[in-house]
Amino acid sequence: MKKSSLVLGYCLLLFLCNACKPNRFVLDLRVPGLAVGDKIILSRVNLFDWSSLKTDTIILTENGRFYFSDTISDARLYSYEHQPVEPYSFRKNPYGKSLFVDAGHRLLITAHDLDSIFAPHIRGGFYDDSLIALYSKMEEDFDRNCITKYDRFERLRTDTTVARDTIMKYYNEYRNAHKVPEEMKKLKRFIADSVDDSKYAAYLFLERAKYDGDIREIKDRFERFTPEVKSSAIGKIVDDILYVRECLDPGSEAPDFTLIGQNGDTIRLSDFTGKYLLMYHWDICSGVFSIQPDVKRLYDRFRDRGLEVLATTRSSTVDLLSQHQEDELFQSLVRAPWVTVYIDKPENAFFGKLYMLQGTPMFTLISPEGIILAHDFSKAFYQSKKIIKEALPEE
């Protein structure tokens with residue numbers, strides 16, 4: 001009897017100890033073509049600014065499958081990339097694939113082949129909810145179409161026998177493929193605005209919280225989430241974003257900054273007092289390639305009448321584009337006539353959060369008195385263009 005009591009007590013102790021540990025989650029990726037020795041680059045993503053909090057490189061030990069398990073205490077966003085033993089002959093999809101997972105979830109991620117590894121079908125966890133499953137399927141089809149167009153463009157771009165006009169034709173097809181279908185937009189909006197008890201709904205709401213709609217409407221919507229969602233990790237991030245967004249709303253005083261430029265110069269907000277300052281955040285993005293000529297024309301037209309442009313990007317992006325000396329558009333970004341700051345440098349790392357630079361192209365217009373006049377994606381550029389034309393008329 002005494003022995004049985006000890007065994008029972010030991011089992012109870014093990015149960016209690018395990019109950020105190022954060023729950024494990026599982027990512028089970030199954031794709032024909034994955035090979036032993038291939039690498040999966042798995043990153044945990046900071047949902048505030050989309051930066052990587054932690055990155056692991058896992059070498060596959062089984063053909064056709066990648067299996068990963070870890071412990072978390074709350075919902076997190078992960079993304080994965082694939083590096084095969086035999087390198088691709090061209091640059092594959094640069095975005096990877098994101099997965100939203102909570103403690104205790106087990107995700108089964110499947111694709112027909114390596115060409116669709118970044119447009120997989122996902123089951124388990126949040127993705128078993130009927131609405132989320134429908135949205136995930138729309139996203140899967142959308143991603144597959146974008147990747148197909150991107151792969152075709154990259155194959156042609158690296159083929160020296162293909163005419164530039166042909167390459168540009170397929171580049172435009174790839175760019176147009178990024179137009180999100182209206183049904184997909186509506187479903188995403190419905191989940192984000194109407195489902196109050198889901199962390200995944202808060203995850204979809206995150207993007208809207210950053211940029212869409214009136215700040216008062218956004219805050220009212222956030223309040224409708226259940227206390228459990230609002231107090232979760234994703235809920236706290238949304239709350240932080242709403243605070244920063246209020247600070248960047250038009251009419252607010254622009255947050256002060258001191259940055260180090262690409263040539264080592266110190267750049268302060270006060271340096272632009274008395275002038276209109278257009279801050280332009282860019283990266284490799286179809287939206288940037290489309291709007292860059294307009295930004296250049298605006299700068300050339302008003303630079304002598306009180307307009308300054310301050311660009312922010314990553315040094316790694318500039319290094320990559322610098323390899324393509326023959327591409328005039330790429331070189332117009334790399335050799336732009338305005339000041340450029342690298343926000344991937346440690347001394348400038350704070351700036352992305354301060355001005356919520358979480359997508360591209362992103363624009364912020366600051367008045368000569370230091371007041372924010374516009375802050376958004378491309379929409380803010382066209383708002384800025386109108387303001388500048390009215391404020392700095394031609395003589």
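Source: prediction; values computed, not measured.

### As for the packing of helix 5 (residues 199-211) against helix 8 (residues 233-248)
Packing of helix 5 against helix 8 leaves a shortest axis separation of 10 Å and a crossing angle of 10°. In terms of orientation, helix 5 lies roughly parallel with respect to helix 8. For the pair helix 5 and helix 8, contact is made by K199, A202, Y203, F205, L206, R208, A209, K210 and Y211 and by I234, I237, V238, I241, L242 and R245, respectively. Of the residues in the contact of helix 5 with helix 8, the class split is 11 nonpolar, no polar and four charged.

### Remarks on the sheet that holds strand 2 (residues 39-45)
Strand order in the open sheet formed by four strands is 3-2-5-6, with antiparallel pairing between adjacent strands. Each having just a single partner strand, strand 3 (52-59) and strand 6 (97-101) make up the two edges of the open sheet. Strand-to-strand twist across the sheet, computed as the mean angle between neighbouring axes with direction ignored, equals 25°. Relative to strand 5 (residues 76-83), strand 2 runs antiparallel, the two sharing seven bridges. Opposite K39, over in strand 5, you have Q83 as the bridge partner.

### Things to note about the environment of S286
For S286, the location among the structural elements is in helix 9 (residues 286-302). Considering only alpha carbons, one finds S286 and N176, 110 residues apart in sequence, at a separation of 9.0 Å. When near neighbours in sequence (up to four residues on either side) are disregarded, S286 contacts Y171 and R175.

### Considering the nonpolar core
Counting 82 residues, the largest nonpolar core has L29, Y80, F100, Y200, F257 and Y355 as its most contacted members. Setting aside residues up to four positions removed in sequence, L29 forms contacts with L34, I40, G64, R65, F66, Y80, I109 and I117. Counting 38 residues, the second largest nonpolar core, distinct from the first, contains I167, A311, L365 and A374.

Cut-off values and rules
- Residues numbered from 1 in each chain as written.
- Predicted model: local features only at pLDDT ≥ 70, side-chain atom pairs only at ≥ 80, totals over all residues.
- Heavy atoms only, no water.
- Axes fitted to C-alpha atoms, helices over the stretch in contact; angles between N-to-C directions.
- Helix = DSSP H or I, 4+ residues; strand = E, 2+ residues; numbered from the N terminus.
- Parallel < 35°, antiparallel > 145°, perpendicular 65-115°, else oblique.
- Contact = heavy atoms within 4.5 Å.
- Nonpolar A, V, L, I, M, F, W, Y, C, P; charged D, E, K, R; others polar.
- Pairing = 2+ DSSP bridges.
- Core = buried A, V, L, I, M, F, W, Y, C linked by side-chain atoms within 4.5 Å.
- Buried < 20%, exposed > 50% of the residue type's maximum accessible area, 1.4 Å probe, protein only.

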